[in-house]
Amino acid sequence: MDLSDTPEDAEFRARLRDWLGRTLPALPPKPSPDDWPGRRAFDLGWQRMLYDAGYAHVHWDASPTVRLIFLEETERAGAPYVGAGFVGLLHAGPTIAAEGTDAQRERWLPPILRGEEVWCQGFSEPDAGSDLASLRTRAWRDGDHYVVSGSKIWTSHAEVADWCELLVRTDPTAARHQGITWLAMPMDAPGITVRPLRTLAGSAEFAEVFLDEVRVPVAHRVGEENDGWRVTMVTLSFERGTAFAGEVVACRRVLGEVAREARRSGRWDDPALRRRLGRLEAEFRALWRLTQWNVSRAAGGGTPGVGGSVFKLRYSHARQELYDTAAEVLGDAALDLDRPWVLDRLSSLSYTIAAGTSQIQRNIVAERILGLPKGR
């Protein structure tokens, strides 16, 4: 499809660029990485500004070109990222929009868009990371509630979240993929314990979450009981297919900065380095085209589908190679945590694991796109 700017899109781009130019200089300083209450307030404040200015809708119901223009212009202007709103805006919100009831959409979607509530993701468990279907957190019916016990790990933003998109096993006798249910759990419910986890980069955006007979209303179930695996595939298709779209723009910007630093430092004279930079430029151009396709697929309530796995697989490795190349350009300074790109390089190590490991993505591509038989 033609994704070049129409006159209407060009007007949107100019209006957004003007608004960013007037708004960004007045933003307060961003809190330190360890100040999660401060970061929550900053991120939700930015989301509220987007909402008041009429831009909060772009993640869900804007045209593909409008959404891509928004990502390009906000990244180029150095605007804040979604931050603590990541799960709500890019995972749970789109899932509820696609799979929730009218009442659920009315309850949960407007607060996400207005920057009033934060969501976290309660999928992975200590013994159910890459093999998510082996999760063991139990939920059983007690009248109008599910009673949930178990534990989750790598729960994004759990320490500041209001809600959790939670996967539980509601039928332990069913086949692994058939006894799972998707719940929206209030994080202030009795029986929840959150223990933050510190990453290699020194931040603590993940946590362990322990659940001791937590009561979740049945009305908070998205989809049917024991149909949670299908709903989860919707969530993961957004997570892998469209949630990283803004980061592709950021990587293209960083690549340009690395090339300029190579010229300044004299490392540009190395032909092998120039070839790596050129290949990365081609990689990220191709990834941006795939991003356009995935965003177009998700427009109007659709889902990115298996194209998300293709994107996630290639993007994870391209991002790691980008920051490895940045370290090569920095030389000894790549050990200085205060230098640009150093912490990003540490963070990039997680990308081949987070949102489904590269091995899992290869299996999905092999089985669902290439039609190869399942491994034994």
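Above this text is the structure in question.
Residues numbered from 1 in each chain as written. Predicted model: local features only at pLDDT ≥ 70, side-chain atom pairs only at ≥ 80, totals over all residues. Heavy atoms only, no water.

1. With respect to helix α1 (residues 7-23)
Reasoning step 1: Its 17 residues give α1 an end-to-end C-alpha distance of 24 Å, which sits within 8% of 24 Å, the value for a rise of 1.5 Å per residue.
Reasoning step 2: Residues of α1 that are buried: Asp9, Phe12, Arg13, Leu16, Trp19, Leu20 and Thr23. Here the buried residues of α1 occupy an arc of 135 degrees about the axis, which is enough to place them on one side. Exposed side of α1, more than 90 degrees from the buried face: Pro7 and Arg22 are the residues found there.
Reasoning step 3: Looking at the buried positions of α1, the neighbouring elements they touch are α2 (36-53) and α3 (64-76). (Helix = DSSP H or I, 4+ residues; strand = E, 2+ residues; numbered from the N terminus. Expected span 1.5 Å × (residues − 1). Buried < 20%, exposed > 50% of the residue type's maximum accessible area, 1.4 Å probe, protein only. Arc of directions from axis to C-beta. Contact = heavy atoms within 4.5 Å.)

2. Let's talk about the pattern of salt bridges
Reasoning step 1: Summed over all chains, the structure comprises 25 salt bridges.
Reasoning step 2: A salt bridge links Asp18 to Arg22; the nearest nitrogen and oxygen atoms lie 3.0 Å apart. Remark: Arg22 and Asp18 occur in helix α1; sequence separation between them is 4 residues, near one turn of the helix.
Reasoning step 3: Relative accessible area serves as the criterion here: at 43%, Asp18 is assigned to the partly exposed category.
Reasoning step 4: Owing to a relative accessible area of 54%, Arg22 belongs among the exposed residues under this scheme. (Salt bridge = Lys/Arg side-chain N within 4 Å of Asp/Glu carboxyl O.)

3. Comments concerning the nonpolar core
Reasoning step 1: Ranked by size, the top nonpolar core spans 29 residues in total, and within it Val258, Phe284, Leu287, Tyr315, Leu322 and Trp341 carry the most contacts.
Reasoning step 2: Contributions of two or more residues to this core are made by α3, α7 (245-265), α8 (271-298) and α9 (307-330).
Reasoning step 3: Per-element accounting of this core gives the leading share, 9 residues, to α9.
Reasoning step 4: The contacts of Leu322, once residues within four sequence positions are left out, are Cys251, Val254, Leu255, Leu280 and Phe284.
Reasoning step 5: Residues Trp119, Trp163, Leu167 and Val231 belong to the second largest nonpolar core, which totals 27 residues. (Core = buried A, V, L, I, M, F, W, Y, C linked by side-chain atoms within 4.5 Å.)

4. Points about helix α5 (residues 102-113)
Reasoning step 1: The terminal C-alpha atoms of α5 lie 16 Å apart, and with 12 residues this matches the ideal 16 Å at 1.5 Å per residue to within 8%.
Reasoning step 2: For α5, the complete set of buried residues consists of Gln104, Trp108, Leu109, Pro111, Ile112 and Leu113.
Reasoning step 3: In the core, the buried residues of α5 are packed alongside α2, α4 (86-99), β1 (119-122), β4 (163-169), β5 (180-186) and β8 (221-222).
Reasoning step 4: The positive-phi residue at the C-terminal boundary of α5 is Gly115, with phi of around 70 degrees.

5. With respect to the packing of aromatic side chains
Reasoning step 1: By the definition in use, this model includes 8 aromatic pairs.
Reasoning step 2: Each ring, one from Trp19 and one from Tyr55, has its centre 5.3 Å from the other, and the planes form 55 degrees; the classification is tilted. With Trp19 in helix α1 and Tyr55 in the loop between α2 and α3, the pair connects residues that are 36 residues apart, well separated along the chain. The two residues Trp19 and Tyr55 agree in class, both being buried.
Reasoning step 3: Note on Trp154 and Phe206: the rings are 6.0 Å apart at their centroids and 90 degrees apart in plane angle, and the pair reads as edge-to-face. You can see Trp154 sitting in the loop between β3 (145-152) and β4 and its partner Phe206 sitting in strand β7 (residues 206-217), a full 52 residues away along the chain.
Reasoning step 4: With a relative accessible area of 23%, Phe206 lands in the partly exposed category.
Reasoning step 5: Joined through ring pairs, the aromatic side chains of Phe12, Trp19, Trp46 and Tyr55 make up one cluster.
Reasoning step 6: Taking the ring centre of Tyr146 as reference, the NZ or CZ of Arg141 above it sits at 5.5 Å.
Reasoning step 7: The ring of Trp268 is capped by Arg263, whose NZ or CZ atom sits 4.0 Å from the centre of that ring. (Phe/Tyr/Trp six-rings, centres within 6.5 Å; stacked < 30°, edge-to-face > 60°. Lys NZ or Arg CZ within 6 Å of the ring centre and 35° of its normal.)

6. Some points on the state of the cysteines
Reasoning step 1: What the rule picks out here adds up to 0 disulfides.
Reasoning step 2: This cysteine, Cys164, is not joined by any disulfide, and Cys120 carries the nearest cysteine sulfur, 3.7 Å off.
Reasoning step 3: Using a relative accessible area of 2% as the deciding quantity, one classes Cys164 as buried. (Disulfide = S-S within 2.5 Å.)

7. Concerning the environment of Pro340
Reasoning step 1: Secondary-structure assignment places Pro340 in the loop between α9 and α10 (342-348).
Reasoning step 2: Exposure remark for Pro340: the relative accessible area of 48% places this residue in the partly exposed category.
Reasoning step 3: With 13 residues separating them along the chain, Pro340 and Ala327 place their C-alpha atoms 9.8 Å apart.

8. Examining the packing of α4 against α5
Reasoning step 1: For the pair α4 and α5, the least separation of the axes is 10 Å and the interaxial angle reads 160 degrees. Classified by the angle between their axes, α4 and α5 sit roughly antiparallel to one another. The hand of the α4/α5 crossing is left-handed. Of α5, the residues touching α4 (which contributes Gly88, Leu89, Gly93, Ile96 and Ala97) are Gln104, Arg105, Trp108, Leu109, Ile112 and Leu113.
Reasoning step 2: Across the contact of α4 with α5, the residue classes tally to 7 nonpolar, 3 polar and 1 charged. (Axes fitted to C-alpha atoms, helices over the stretch in contact; angles between N-to-C directions. Parallel < 35°, antiparallel > 145°, perpendicular 65-115°, else oblique. Left-handed = near helix turned anticlockwise from the far one by under 90°. Nonpolar A, V, L, I, M, F, W, Y, C, P; charged D, E, K, R; others polar.)

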